[in-house]
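Breakdown of the fold
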Amino acid sequence: MNKTLVGIVMGSQGDWEVMQHAARSLADFGIAHEARALSAHRSPDALIEWVEGLVKRGAKCFIAGAGGAAHLAGVVAAKTTLPVLGVPIPSRHLQGLDSLLSMVQMPKGIPVATFAIGDAGAANAGLFAVAMLALEDAALSKKLAEFRRKQADAVLAAKLPELK
Ligand code: RP5
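The structure displayed is predicted, hence computed values, not measured ones.

**Remarks on the overall build of the protein chain**
Along the protein chain, the regular secondary structure elements total 6 helices and 5 strands. Counting from the amino terminus, the protein chain carries its helices and strands in the arrangement β-α-β-α-β-α-β-α-β-α-α. In terms of principal-axis extent, the alpha carbons of the protein chain reach across some 55 × 40 × 30 Å. Here the protein chain, with 164 residues, has 39% of them falling under the buried criterion. Roughly 9700 Å² of accessible area belongs to the protein chain as shown, and the carbon and sulfur atoms make up 57% of that amount. Once the 17 positive and 14 negative side-chain charges of the protein chain are each reduced to a mean point, those two points are 3 Å apart.

If you want it as structure tokens, here you go:
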């Protein structure tokens, strides 16, 4: 089995609906990853044990998604010097603005690269992890460039409807 390069963690099982998009981006590029639901507040010891274990096993970065008082990415960042990419999960009452602000306002010295709220943020966190890994992997870099080219082609091929 390939070595796990990216750890994906989310605060609750319900976050998977959004975080699956990060896993999809990684899977599409053949990046070995491991996804877990572990909470910074409800299961802090298990979270830290998992982070430390993945670091020892040679992971290159973490993607953390959480909603509400979204401290998960910050806690992961506090325990490792590997890059941590944060995904704010849409929340029931404040639609994820709470998650975004909780995640993005890290204290100086412990960075979390915070992405957009929801599906696009999760997909982009996965793509950003691919871009980081591609820095030292020419084949992956080529695959990423091809993905971008196809995406551009799709935009250029768009046909707008006739005016009614
Ligand atoms: C956060 O609280 C989780 O990341 C989730 O987005 C939110 C709600 O979790 P549940 O109460 O539904 O488990 O910790």
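Still to come is the rest of the account.
**Looking at the side chain of Ser25**
Here Ser25 is to be found in helix H1 (residues 16–28). A relative accessible area of 8% places Ser25 in the buried class. When residues no more than four places from it in sequence are discounted, the contact partners of Ser25 are Ala123, Gly126, Leu127 and Val130.

**With respect to helix H4 (residues 97–104)**
Along H4, the positions that sit buried rather than exposed are Asp98, Ser99 and Met103. One face of H4 carries all of its buried residues, which in axial projection span an arc of 120°.

**With respect to the packing of aromatic side chains**
On inspection of all chains with the given rule, the structure shows 3 aromatic pairs. Taking 5.6 Å as the distance between ring centres and 70° as the angle between the ring planes, the aromatic pair formed by Trp50 and Phe62 counts as edge-to-face. Taken as a pair, Trp50 in helix H2 (residues 44–56) and Phe62 in strand E3 (residues 61–67) lie far apart in primary sequence, 12 residues in all. When sorted by exposure, Trp50 lands in the same class as Phe62, which is buried. Aromatic side chains Phe115 and Phe128 sit 5.5 Å apart centroid to centroid with 70° between the ring planes, which places their arrangement in the edge-to-face category. Here Phe128 lies in helix H5 (residues 119–134) and Phe115 lies in the loop between strand E5 (113–114) and H5, a separation of 13 residues in the sequence. We classify Phe128 as partly exposed; its relative accessible area is 39%.

**Let's talk about the site of the ligand**
Gly11, Ser12, Asp15, Arg42, Ala66 and Gly67 make up every residue found near the ligand. One of the side-chain N or O atoms of Asp15 is found 2.6 Å from an oxygen atom in the ligand. Interatomic distance of 2.8 Å between a side-chain N/O atom of Arg42 and an oxygen atom of the ligand. Its residues placed into classes, the shell around the ligand shows 1 nonpolar, 3 polar and 2 charged.

Cut-offs applied
- Residues numbered from 1 in each chain as written.
- Predicted model: local features only at pLDDT ≥ 70, side-chain atom pairs only at ≥ 80, totals over all residues.
- Heavy atoms only, no water.
- Helix = DSSP H or I, 4+ residues; strand = E, 2+ residues; numbered from the N terminus.
- Buried < 20%, exposed > 50% of the residue type's maximum accessible area, 1.4 Å probe, protein only.
- Areas by Shrake-Rupley, 256 points an atom, 1.4 Å probe, with all protein chains shown as cover.
- Lys, Arg positive; Asp, Glu negative; His and termini not counted.
- Charge placed at Lys NZ, Arg CZ, Asp CG, Glu CD.
- Contact = heavy atoms within 4.5 Å.
- Arc of directions from axis to C-beta.
- Phe/Tyr/Trp six-rings, centres within 6.5 Å; stacked < 30°, edge-to-face > 60°.
- Near = heavy atom within 4 Å.
- Polar contact = N/O pair within 3.5 Å; in protein donor to acceptor, adjacent residues only side chain to side chain.
- Nonpolar A, V, L, I, M, F, W, Y, C, P; charged D, E, K, R; others polar.

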